[in-house]
Amino acid sequence: MLRLHSVRIQNFVCFVDNGGTSASGVSFTFAVDPARPLTVIRAQNESGKTTFLRALRWGFYGEKGIPKGEPDKPWGLQPRDWKPNDGPVETTVSITFSTDGMTGRSEAPVERRYTLVRKVTTSPDGRTLSGWSRGPESRELTRHGDAGDDQVMGDADELIAFLLPFRLRDFYFTDGDKAMDYVGGKAADRADEDTVMLSVTQQREQVSDAVNDLLGLDMLLRATERLEKVIRKLEKEISAESGSELVKRLQEEVDQAVDELEKKQGELKKLRSSRAGLETDLQKTEAEINKTLAGIGNHAALAAEREQLQRARKLADDEQLQLTKALGELLGDTSLAVALAFPAIKAVFDTLKPKFDKGEIPAYYLEYVRRLLRDEQCVCGSPLSHGSALRARVETRVGESAAVADRDTHLGYVYQDSQRLLSSLERPAGWSHRADDLVRKRRQSQKHTEHIAKRLDEIESQIGGVKDDALEGLRKHSADLQRYIAQTDVKLTGVKGEIEHLRIRLDGDQSQGMEGLRKRLQAAQHKATIDKSKQYGLQAARDILSVMRASYDHIASRDITRLALMMDELFGEMIVASADRNLARVEIIKHNREYEILIRDANGQAVPMSAINGAARRALTMAFVVGLSRVAETDAPNVVDTPLGMSAGVVRRGLFGVTVKHSSQPIFLLTRDEIHNVEDLLLQYAGQYYTLTGEWHAPEWGHSHNGTQQVLNRKSPRRETLVCDCSHEEYCGVCRRLEDLDTLPKPTPLRMKI
Amino acid sequence: MSTKDDRLTRTIREVIPSLIDVKSPEYRLAIERSVRQMLRLTRHHHEVNQTDINKQFISACLSAGEVLSGMGEDE
């Protein structure tokens, strides 16, 4: 459990000293009351919301938590109007938080409060292009004792890594505009923006990182991998001591196969990562081609059509893939096998039914007699105790009739199975109807894809005639990338096959009745004369390994199912009664150890993420964040920048209401527009309010914002963000804007805060 | 215990009965203890010498093996 209590920010970009009213920066206290857990930080765009999020990230993670910037223009966290001539400036972020003492090593659930202070000094530096450089960061973690006996801790990074792992930074500190990262793709209504679509691989990685970490799967996996090595070490020691040639030879074969398997797994990982990089590069290059083409002569329309067709092709490809998968699943459907084997199953049923009706099968009687023997009591009341003559007679009869009785029991099961399979054929046309439908849809989709491909070919040939060196270079680069991706796919298939082959060699294939090398080695070791304590240790190690693997499978199956159901429920609540009702079901698809969020329409077809609008994608992201926190029983803050952007009406209310209701400590950074239509929910859930005012929005700065939303009373001569505690119903001398004037219409009557 | 440890322990207790095919509750307990110890070591892997972790893993296996040996159970 982690609760944020307060943060103090000083000299961090636009957070300086609150217009001179505080020499120690600006402070925020967060709501911790379970009845009103929401902290609202209200701000117009470009007033410091994202900077606030970054300040928190820097406070927790340091340099790696903030943007890098460009090599010649690094991202500066010093005050905006600071100049090298002003001399060194110190930036400080101080965060106070509490945990329930459950920090991994501690067993006692006792609340502990900490303050983490991070500092860095930016100094003039003539050697750099920017004219400044940052010194080394310092950070200090203090644990506050009940009696004021504070203690400086030496393991700040370790505690933070445990409470808020860095790779989950987007999970706990979510930038609404980038929240799409969890669901992947570029929103349909943001197609005009110059954003690069996340590849499916990258989206899977983001989702899988969060799932694997919060559910403890990665820890189980790491422990399993280490234990596998330990088992190998023990096996080798035992084999070396055994003196048996067979054991030694089998051990060598196992070692060789394991080494090869590890090598191939490393290759697979590299290939996957390389493919993801190529995919991103290709998207960037294609975007660059369209941009370049649009800038040449009268080719803007051609570039626009090319871009539109590329998007359409992506959708069509996704659709075809889903339809092909659905067809594959249908081929594995039991109803197909039953339909094909119908005459044989019917013949079995007809033959066995009379025997079943007469009570000849299954042979329940033998099982009954065996139970009497177990209970040592005959049906007549006589004892069937061990050594008695009656027991011996009964045992002999059981032995004689066992073969016949076992056969009859088996026939009974066969009859029951045939009955069940035949009853599943109630709608004989069901399977072929579904197959016809899918084949028809796939054919249509294929025609559509061919049509798009033909038009794209025509466009490409037209572009081929455009004489432009830059364009030609980009097109060549794109063709190279496409070729590399195809080559990588071929290699991936090959390596996956080799890995499967090695796994079967090591562990066998139960379906083929094939015994693996490991099993053979175990049997040989068991027969050899070996130090028994080590052998027992090895057996225990194998039991521990099986428990770890089963625990992993159990969590991966049970908790992922729960997560999918919860996401589905939360998402349904969020988008209820909206235009996106056709987004019917949320699923989580498992790919080996990775997970992918999938959404289906009312017909059961997968909807490509790129075809979903921004509001629904935000809802999906929040459903994932909230759902996973609940399934993992994680109690931590969710700091979200513009969570309600792109949403309106019932979707906005659903998104807001559901997220706040299910988060243990929501901290929302909202624009005034986002607050519209959820004012009553704010009154219900908000325990703390703040308003950020960017002083550069004052008219003196010439920042008009289309003539509205200007800051009326400039309080600070600096380019800083001032903080007041006005709610959405209030204004004060600091935050009052042009739109707050009484003469303008507004959704909520405002009152002046004294 | 953290929430994550608590959830993992619950899972371990759920799966052990179907996997450890011996009657002794002591052995099941020894296996549970070893799994939890290994998970704890894995969590704090950055602060413990890697060779030491391996030694502690082996020691956990041998100590569960001792319980098994004491029971006279075999494969």
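Residue numbers run consecutively from 1 along every chain, following the written order of its sequence. Numbering of ligands from 1 and lettering of chains from A proceed in the order in which they are written. For a predicted model such as this one, the threshold for reporting local features is a pLDDT of at least 70, and the threshold for listing and counting side-chain atom pairs is 80 or more; totals across whole chains, interfaces and linings nevertheless cover every residue. Heavy atoms from the whole structure form the basis of all side-chain values; hydrogens and water molecules are not counted.

J.: Can you lay out the overall build of chain A for me, pointing to particular residues and giving the numbers?
T.: Elements are defined by DSSP. Helices are runs of H or I of four residues or more, strands are runs of E of two residues or more, and each kind is numbered from the N terminus. Across its full length, chain A carries 19 helices and 19 strands. Partly exposed residues are those whose accessible area sits between 20% and 50% of the maximum for their type, while under 20% is buried and over 50% is exposed, using a 1.4 Å probe and protein chains only. Counting only residues that meet the buried cut, chain A has 48% of its 754 residues in that class. Residues count as neighbours in contact if any of their non-hydrogen atoms are within 4.5 Å of one another. Of all intrachain contacts in chain A linking residues separated by at least 6 positions in sequence, the fraction that spans at least 24 positions is 71%. All accessibility values rest on the Shrake-Rupley procedure with a 1.4 Å probe; residue burial counts only the protein chains present in the view. Put simply, chain A shows about 36,900 Å² of open surface, and 51% of that area lies on carbon and sulfur atoms.

J.: With reference to specific residues and values, describe the side chain of Glu 235 of chain A.
T.: All names here are of chain A. Inspection of the secondary structure puts Glu 235 in helix 5 (residues 217-242). On the basis of relative accessibility, which here comes to 5%, the residue Glu 235 falls in the buried class. Apart from the residues within four sequence positions on either side, Glu 235 is in contact with Gln 251, Leu 521, Gln 525, Leu 538 and Arg 542.

J.: Explain helix 3 (residues 50-71) of chain B to me, and be specific about the residues and the numbers.
T.: Expected helix span is given by 1.5 Å per residue-to-residue step, counting one fewer step than there are residues. Taking 1.5 Å as the rise per residue, helix 3 of chain B with 22 residues should run 32 Å; its terminal C-alpha atoms sit 32 Å apart, in good agreement. Residues of helix 3 of chain B that are buried in the fold lie against helix 5 and helix 15 (532-575) of chain A together with helix 2 (25-43) of chain B.

J.: Tell me about the pattern of salt bridges, and name the residues and values.
T.: A side chain of one charge can pair with a side chain of the opposite charge if their charged atoms are brought near each other. Should a side-chain nitrogen of Lys or Arg be within 4 Å of a carboxyl oxygen of Asp or Glu, the pair is scored as a salt bridge. Scanning all chains against the criterion turns up 46 salt bridges over all chains. Here Asp 218 of chain A and Arg 222 of chain A are joined by a salt bridge, their closest N and O atoms 3.9 Å apart. Taken as a pair, Asp 218 of chain A and Arg 222 of chain A lie in helix 5 at a separation of 4 residues, close to a single helical turn. Classification of Asp 218 of chain A by relative accessible area gives buried; the value is 14%. Relative accessible area serves as the criterion here: at 36%, Arg 222 of chain A is assigned to the partly exposed category. Salt-bridge contacts for Arg 455 of chain A lead to Glu 305 of chain A; the nearest nitrogen and oxygen are separated by 2.7 Å. In this pair, Arg 455 of chain A is assigned in helix 12 (residues 429-464) and Glu 305 of chain A in helix 7 (residues 300-331), connecting sequence segments 150 residues apart. With a relative accessible area of 24%, Arg 455 of chain A lands in the partly exposed category. Shared partners join several salt bridges into a network, and the residues in it are Arg 558, Asp 559, Arg 562 and Glu 633 of chain A together with Arg 7, Arg 10 and Glu 14 of chain B.

J.: Go over the packing of aromatic side chains with me, naming the residues and quoting the values.
T.: Residue and element names in this part refer to chain A. A pair of aromatic rings is counted whenever rings of Phe, Tyr or Trp (Trp by its six-membered ring) have centres within 6.5 Å, and the orientation is called stacked for planes under 30 degrees apart, edge-to-face for over 60 and tilted otherwise. The full count for this structure, using the stated rule, is 17 aromatic pairs over all chains. For the ring pair Phe 28 and Phe 52, a centre distance of 4.8 Å and an interplane angle of 65 degrees mean the geometry is edge-to-face. One end of the pair, Phe 28, is in strand 2 (residues 26-29); the other, Phe 52, is in helix 1 (residues 49-61), and 24 residues separate them in sequence. What links up through ring pairs into an aromatic cluster is the set Phe 60, Tyr 61, Phe 97, Tyr 114, Phe 166 and Phe 173.

J.: Run through the sheet that holds strand 3 (residues 38-43) of chain A, naming residues and quoting values.
T.: All names here are of chain A. Strands are labelled as partners when DSSP assigns at least two bridges between them. Read from one edge of the open sheet, 6 strands run 11-14-15-3-16-17, paired in mixed fashion. Only two strands of the sheet have a single partner each, and these edge strands are strand 11 (173-175) and strand 17 (721-724). Along the sheet, successive strands turn relative to each other by an average axial angle of 15 degrees, direction set aside. One ladder, built from 6 bridges, connects strand 3 with strand 16 (residues 686-694); its direction is parallel. Its bridge partner being in strand 16, Arg 42 is matched across the sheet by Thr 691. Across the face of the sheet, helix 1 comes into contact with strand 3, strand 11, strand 14 (637-641), strand 15 (665-670) and strand 16 while running at roughly 150 degrees to strand 11. Axis definition: a line fit to C-alpha positions, over the contact stretch in the case of helices; interaxial angles, taken between N-to-C directions, run 0 to 180 degrees.

J.: Could you give me a rundown of the interface of chain B and chain A, with the residues and numbers involved?
T.: In this assembly, 41 residues from chain B lie in contact with 44 residues from chain A. Accessible area, probed at 1.4 Å, shrinks when two parts are joined; the buried area is that loss added up over both. Carbon and sulfur atoms make up 62% of the surface buried where chain B meets chain A, a total of about 4,000 Å² over both sides. Between chain B and chain A we count 4 salt bridges in total. Among the ionic pairs, Arg 7 of chain B bridges to Glu 633 of chain A, the shortest N-O distance being 3.8 Å. Polar contacts, as counted here, are pairs of nitrogen or oxygen atoms within 3.5 Å of one another; within protein the pair requires one atom able to donate a hydrogen and one able to accept it, and residues that are adjacent in sequence qualify only if both atoms are side-chain atoms. Summed over the shared surface of chain B and chain A, the result is 7 residue pairs in polar contact (both at pLDDT 80 or more). Listed by contribution, the elements that provide at least two residues to the side of chain B that touches chain A are helix 1 (3-19), helix 2 and helix 3 of chain B. Top element by residues in the side of chain B that touches chain A is helix 1 of chain B. It accounts for 12 residues.

J.: Now, about the pairing of strand 15 of chain A: what can you tell me, with residues and values included?
T.: Residues and elements named next belong to chain A. The buried count for strand 15 comes to 6 of 6 residues, which makes it a mostly enclosed element. Of the two faces of strand 15, the one lined by Gln 665, Ile 667 and Leu 669 and the one lined by Pro 666, Phe 668 and Leu 670 are each fully buried. Relative to strand 15, strand 3 runs parallel, the two being bridged by 4 bridges. Note on strand 15: the bridge partner recorded for Val 40 is Phe 668. Chirality of the crossover, the property in question, places the unit of strand 14, helix 17 (residues 649-662) and strand 15 among those that are right-handed. Think of it like this: strands point away, you trace from the first strand over the helix to the second, and a clockwise trace means the crossover is right-handed.

J.: Go over the nonpolar core, please, and point to the residues and values.
T.: Working definition of a nonpolar core: buried Ala, Val, Leu, Ile, Met, Phe, Trp, Tyr and Cys residues. They are joined through side-chain atoms within 4.5 Å. If you look at the biggest cluster of nonpolar residues, it comprises 140 residues, and the most contacted ones within it are Phe 28 and Phe 97 of chain A. One finds Leu 271, Leu 506, Leu 517 and Ala 524 of chain A within the second-largest nonpolar core, a separate group that totals 17 residues.

J.: Describe the confidence of the model for chain A, with residues and values.
T.: Residue and element names in this part refer to chain A. The share of residues in chain A with pLDDT of 70 or more is 88%, and the mean pLDDT across the chain is 83. Per-residue confidence from the predictor is reported as pLDDT, which spans 0 to 100. No element of chain A has a lower mean pLDDT than strand 19 (residues 751-752), at 71, and none a higher one than strand 2, at 96. Here residues 103-107 is a poorly scored stretch, pLDDT under 50, and it has 15 contacts once near neighbours within four places are set aside; other chains count. Within the model, pLDDT remains below 50 along residues 185-197, and this stretch shows 35 contacts once partners closer than five positions in the same chain are excluded.

J.: Can you lay out the environment of Ala 541 of chain A for me, pointing to particular residues and giving the numbers?
T.: Turning to its location among the elements, Ala 541 of chain A is positioned in helix 15. Dropping the residues within four chain positions of it, Ala 541 of chain A is found in contact with Leu 227, Ile 231 and Leu 234 of chain A together with Cys 61 of chain B.

J.: Break down the side chain of Arg 652 of chain A for me, with residues and values.
T.: Residues and elements named next belong to chain A. Of note, Arg 652 is situated in helix 17. Lys and Arg are tallied as positive, Asp and Glu as negative. Neither His nor the chain termini are counted. Of the side chains bearing the opposite charge, Glu 674 lies closest to the buried Arg 652, which forms no salt bridge; the N-O distance is 6.2 Å. Not counting chain neighbours up to four residues away, the residues in contact with Arg 652 comprise Leu 644, Ser 647, Asp 673, Glu 674, Ile 675, His 676 and Val 678.

J.: Can you tell me about the pairing of strand 17 of chain A, naming the residues and giving the values?
T.: All names here are of chain A. On strand 17, burial covers both faces: Thr 721 and Val 723 on one face and Leu 722 and Cys 724 on the other are all buried. Note: strand 16 against strand 17, 4 bridges, orientation antiparallel. When the sheet's bridge partners are listed, Thr 691 is paired in strand 17 with Cys 724.

J.: How would you sum up the packing of helix 15 of chain A against helix 2 of chain B? Please name residues and give values.
T.: Two numbers describe how helix 15 of chain A lies on helix 2 of chain B: the axes approach to 10 Å, and their chain directions differ by 70 degrees. The orientation of helix 15 of chain A with respect to helix 2 of chain B, classified from their angle, is roughly perpendicular. In this structure, helix 15 of chain A meets helix 2 of chain B at a crossing whose hand is right-handed. Along its contact with helix 15 of chain A, which presents Gln 539, Ala 540, Asp 543, Ile 544, Val 547 and Met 548 of chain A, the element helix 2 of chain B presents Tyr 27, Ile 31, Ser 34, Val 35 and Met 38 of chain B. Roughly parallel refers to an angle under 35 degrees, roughly antiparallel to one over 145, roughly perpendicular to one between 65 and 115, and oblique to any angle outside these ranges. In a left-handed crossing the near helix is turned counterclockwise from the far helix by less than a right angle, and in a right-handed crossing that turn is clockwise.

J.: Lay out the confidence of the model for chain B with the relevant residues and their values.
T.: Residues and elements named next belong to chain B. Residues at a pLDDT of 70 or more form 80% of chain B, whose mean pLDDT is 80. Within chain B, helix 1 has the poorest average pLDDT of any element, 80, and helix 2 the best, 88. This complex was scored by the predictor with a pTM of 0.68 and an ipTM of 0.93.

J.: Provide a residue-level description of the packing of helix 15 of chain A against helix 16 (residues 614-631) of chain A, including the pertinent values.
T.: Helix packing geometry: the angle between the two helix axes and the distance between the axes. Residues and elements named next belong to chain A. Two elements in contact, helix 15 and helix 16, have axes whose closest approach is 8 Å; the angle formed by their N-to-C orientations is 135 degrees. What the angle tells us is that helix 15 and helix 16 run oblique. Like other packed secondary-structure pairs, helix 15 and helix 16 cross with a definite hand, here right-handed. Together, Asp 559, Arg 562, Leu 563, Met 566, Met 567, Leu 570, Phe 571, Met 574 and Ile 575 of helix 15 and Ala 616, Ala 619, Leu 620, Met 622, Ala 623, Phe 624, Val 626, Gly 627, Leu 628, Arg 630 and Val 631 of helix 16 make up the contact between the two elements.

J.: Please set out the environment of Leu 712 of chain A residue by residue, giving values where relevant.
T.: Looking at where Leu 712 of chain A falls in the secondary structure, it is placed in the loop between strand 16 and strand 17. In this structure, the C-alpha to C-alpha distance between Leu 712 of chain A and Arg 736 of chain A, residues 24 residues apart in sequence, is 5.9 Å.

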